[in-house]
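Chain and residue survey
One-letter residues, chain by chain:
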Amino acid sequence: MGTQYNPQQIEEQWQAEWEELGIYKAIDNDTRPKFYSLVMFPYPSGDLHMGHMRVYTISDVISRQRRMMGFNVLNPMGWDAFGLPAENAAIKRKLHPEAWTKSNIKHMRDAQLKKLGTSYDWQREVNTCEVDYYHWTQWILLKFYEKGLVYRKSAPVNWCPQCETVLANEQVENGACWRHPETQVEQKMMAQWFLKITAYTEQLLKDLDQLKGWPERVCLMQKNWIGKSEGAELQFTVESKPNIKITVFTTRPDTVFGVSYIVLAPENPLVAELTTAENKDAVEKYVAESKLKSELDRMTTEKDKSGVPTGSFVVNPFNGEIVPVWVADYVLMGYGTGAVMGVPAHDDRDFAFASKFQLPIREVISESGQSTGQMKAAYTENGIMLNSGSFNGLSNTEAKSKMTEWAAENQSGNARVLYRLRDWLISRQRYWGCPIPLVHCESCGVVPVKESDLPVELPLDVEFTGEGGSPLGKSQKWLHTSCPNCGKDARRETDTMDTFIDSSWYYLRYCDVQNKKLAFDKAKADYWMPVDQYVGGIEHAILHLLYSRFFTKALRDCGLLSCDEPFSNLLSQGMVTKFSQISGRIEKMSKSRGNVVGTTDFFTKFGADSARLFTLFAAPPEAELEWSEEGAIGQFRFLGRIWRYIQDLIDAGILGKESSTKKDFGEKGYDKSEGLSAQAKLLLQSCHKTIKAVSDDLSPERYAFNTAIARCMELVNQLYAFAAAKAQEGSNGNGSSEATGNSAMSKCSPQERELLAFAARSLLLVMAPMAPHLSEELWHQCGFAASAKDSIHVTKWPSYTASLTEADEFELVFQINGKNVSKAMVKRGISEQEAREVALSDDKVIKKMDGKDPRKVIFVKDRLVNIVV
RNA sequence: ACCCGGUUAGGAAAAUUGGUAAAUCCGACUGCCUUAGAAGCAGUAUUCUCUCGGUUCGAGUCCGAGACCGGGUACCA
């Protein structure tokens, strides 16, 4: 009797063995084709749960299968280790962020990711909070600075007057400070550092077309985020002050004859200039109120339009009409020119505004070109121009360009393309981030730190109170330095970088992690890049992926890299959910919802292989997956079935290190079907079919892990059916309840023994990427391994014989008028003529046809005959 | 509001190009067992693919309309 399947006994042992053998090491410039497999590296928050494990499992299966397919696989792992939670932990628990982060990393790496049985090349581990890494983050920033991609300007920040510090957006809860729910957060203008991502807007937009391997919706989200809109800028001269012109941006220059007012954003500097004495109080009050509103009111869905008139008027350049200038907070200073022309007849928002304040509504486009009278809503469709002077009668799309031309000729406007994408604010007034390597000198201004003086290290002796401004500013020793330019006293920049910067180039550092002279060697990066398969959460569809694309392009333009796009293929795995006691609903697995399933308990009870199989099996990778303990145990049962079957084969002497049964079946696999029983033939077909199906399912075109596992289960079911049939042989029906066992197996002929060995071999190989521990253990037990140092994970992926993937007979279906009537077993490849004869002589068909003549007969090869009467 | 995506047995899902709907797992049920099982073996059942209309010899699959569910964006001019 063989041993029982006990994952605890085998998993840890093989994990150690793999590490020792170094089989997951990626080799620079190897002759095999390269495959760069990447998973979004985690923030080391301390503990991973089953929900997190999904992405690592998927990425690991891809890596392992590609390795078996003969690729030189780079499958690295690292840590996105800077960030706010470490600082919060420091404030709360008096623990230094570095200590907190490092102990979390150790736990996640050794007790969680390794225990999952992942195949990472740990020699390439990257940690963004280590000097070795952020040295190069700073170096890259200096390269960008040289290129003019880094600049400083004033921008609003969230400011808590109680803490006297800047808050990240996540620290603002319902408009209040996360530490002081009673204190309203204010918007304060401060000088901030920006990265000029807008220099790459068009490339970022255009190259989305190249990303054929990305989910369409991610491309669409990026496209919307970039938000290209084509239109025109039009100038309206202020009536009382002709030297002042208000420039508005509009995508609808064709509606300019319908302008009944102009609106300025409250922050627009023109507001003060244009407000007349009698309107001063009202306008100032309104501006002050809207300053406070911003955060809180953005949450409310339907906002009532508000606004006040400035008392000034402007002239419409097209028709000379005089229209009033208002201030309203539905106009944003940050987009376009901070001024908008109000066309109530053809814009929903303007319609609402005009209705509320009884401003005129003039129709200038309609379906027919005729006035439709009293309007009840804005007409935003295309149509024919009216009330528009010489442009009347044109289609509005035609008028758009004609009117823009007219504006340009008359010095009152021009065509203009606008993007929603803004420059990237990278300043964070925090401690636990990468210091910005710039120095402020009284005489020289902003001066970059010399490359040779990098890295600018984070000082470790900093106090964390969470109050009184940036922690770095309080470290006097660190703050004061000398100017790299003139040598006089200077101050370091106390802002640190947004952590999205750290994660915008980590995939490049993996290519050359040890480099002490450069962020990465160009040749090595060019060998590995682009990433062949990136796997990660949909929550990074916009920012992380867009920033990384920007970095790749900017680094390319710095001459450091050759590729245009970092990630050729992207897989966004769905989230893992579970019923939450707190909300009473099925929700995303998370600590706050109280529905997490820990990894350690499950791994010790049922093993990592069962956890891996369940997360792969329960849903396709992009779909949501509900964690189910019963379901996961089902996978444990499945593995137990494989284990017991193979033990029986070993007990029967069919397999095992000492057994003499053939263990390698060459390129085509075992392919002798002559002399096999019907049941054995089915098994042989099942083997070839499984290899084909799993190969297809694990290919990048499909990544259908769920069906791959289902195919493996079918093969196992077929193996049991074969054993049951064997047990029946000669035992007169009421045989033993165990299908397998020595008695059944020992009845096998030498040919059947070979077939079983082939089946076991094939099954273990195709299961290896998904259940790496069990496959490896049984591989060795069966004697398939060439030596103790050999591994199934570096064994060649099996091939199959196409002709053996199907039975030579199949059920030909007979339909009458598309409805199933009958069927019959016939030879595969039967000709249309033969099939037609068989169909027309079938009893049920004759009966159903009732003597009628077939009008038409449709034949689908190896499937059906459809008789139309 | 707008833009995506989805809806198949009790639950999760399969069905590469229109061609026998329901592979596989969970759950339920039945039988077997001289180790009665969170883990064995063998077997059974459930229903016609959300609704309506169209194209077709033939539609879960393609087209149109609607219902419901999920996601993204959110005054972007």
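An account of the accompanying structure is given in this report. Every value quoted in this text rests on a predicted model; they were computed, and no experiment measured them.

A separate point is the overall build of chain A. Of regular secondary structure, chain A possesses 26 helices and 34 strands. In terms of overall dimensions, chain A has C-alpha extents of about 110 × 85 × 50 Å along its principal axes. Counting all 869 residues of chain A, 54% fall into the buried class. Within chain A, contacts between residues separated by at least 24 positions form 71% of all contacts whose residues are at least 6 apart in sequence. For chain A, the accessible surface area stands at approximately 38900 Å², while carbon and sulfur atoms represent 50% of it. Seen as two clouds, the 102 positive and the 111 negative side-chain charges of chain A have centres 2 Å apart.

What you tend to see is this: most non-glycine residues have negative phi, and most peptide bonds are trans. Of the consecutive residues L454 and P455, the connecting peptide bond is found in the cis state with omega at 0°. Among the secondary structure elements, P455 is positioned in the loop between β22 (445-448) and α12 (476-479). Looking along the chain, the bond that leaves M529 and enters P530 is cis, with omega of -5°. Mapped onto the secondary structure, P530 falls in the loop between α15 (522-528) and β26 (533-537). Despite not being glycine, N387 shows a phi value in the positive range, around 50°.

Tallying each qualifying case throughout the model produces 45 salt bridges. The salt bridge involving E398 is made with K402; its shortest N-O contact spans 3.6 Å. Note that E398 and K402 are positioned in helix α11 (residues 396-409) at a spacing of four residues, about one turn of the helix. Judged by relative accessible area, K402 falls into the partly exposed class, the value being 39%. In this structure, the salt-bridge partner of D664 is R761, at a minimum N-O distance of 3.8 Å. A residue pair is termed long-range when its members are at least 10 positions apart, and D664 in the loop between α19 (629-651) and α20 (678-697) and R761 in helix α23 (residues 750-767) qualify at 97 residues. For R761, a relative accessible area of 16% puts it in the buried group. The network of salt bridges with shared partners includes E19, K106, R109, D110, K114 and E125.

Contact geometry of helix α21 (residues 705-728) with α23 gives a least axis separation of 10 Å together with a crossing angle of 160°. One element, α21, and the other, α23, form an angle in the roughly antiparallel class. For the crossing formed where α21 meets α23, the hand is left-handed. Residues C712, L715, V716, L719, F722 and K726 of α21 lie in contact with α23, whose contacting residues are E752, L756, A759, L763, V766 and M767. Along the lines of polarity and charge, the residues of the contact of α21 with α23 split into 10 nonpolar, no polar and two charged.

The rules behind the values
Residues numbered from 1 in each chain as written. Chains lettered and ligands numbered in written order. Predicted model: local features only at pLDDT ≥ 70, side-chain atom pairs only at ≥ 80, totals over all residues. Heavy atoms only, no water. Helix = DSSP H or I, 4+ residues; strand = E, 2+ residues; numbered from the N terminus. Buried < 20%, exposed > 50% of the residue type's maximum accessible area, 1.4 Å probe, protein only. Contact = heavy atoms within 4.5 Å. Areas by Shrake-Rupley, 256 points an atom, 1.4 Å probe, with all protein chains shown as cover. Lys, Arg positive; Asp, Glu negative; His and termini not counted. Charge placed at Lys NZ, Arg CZ, Asp CG, Glu CD. Salt bridge = Lys/Arg side-chain N within 4 Å of Asp/Glu carboxyl O. Axes fitted to C-alpha atoms, helices over the stretch in contact; angles between N-to-C directions. Parallel < 35°, antiparallel > 145°, perpendicular 65-115°, else oblique. Left-handed = near helix turned anticlockwise from the far one by under 90°. Nonpolar A, V, L, I, M, F, W, Y, C, P; charged D, E, K, R; others polar.

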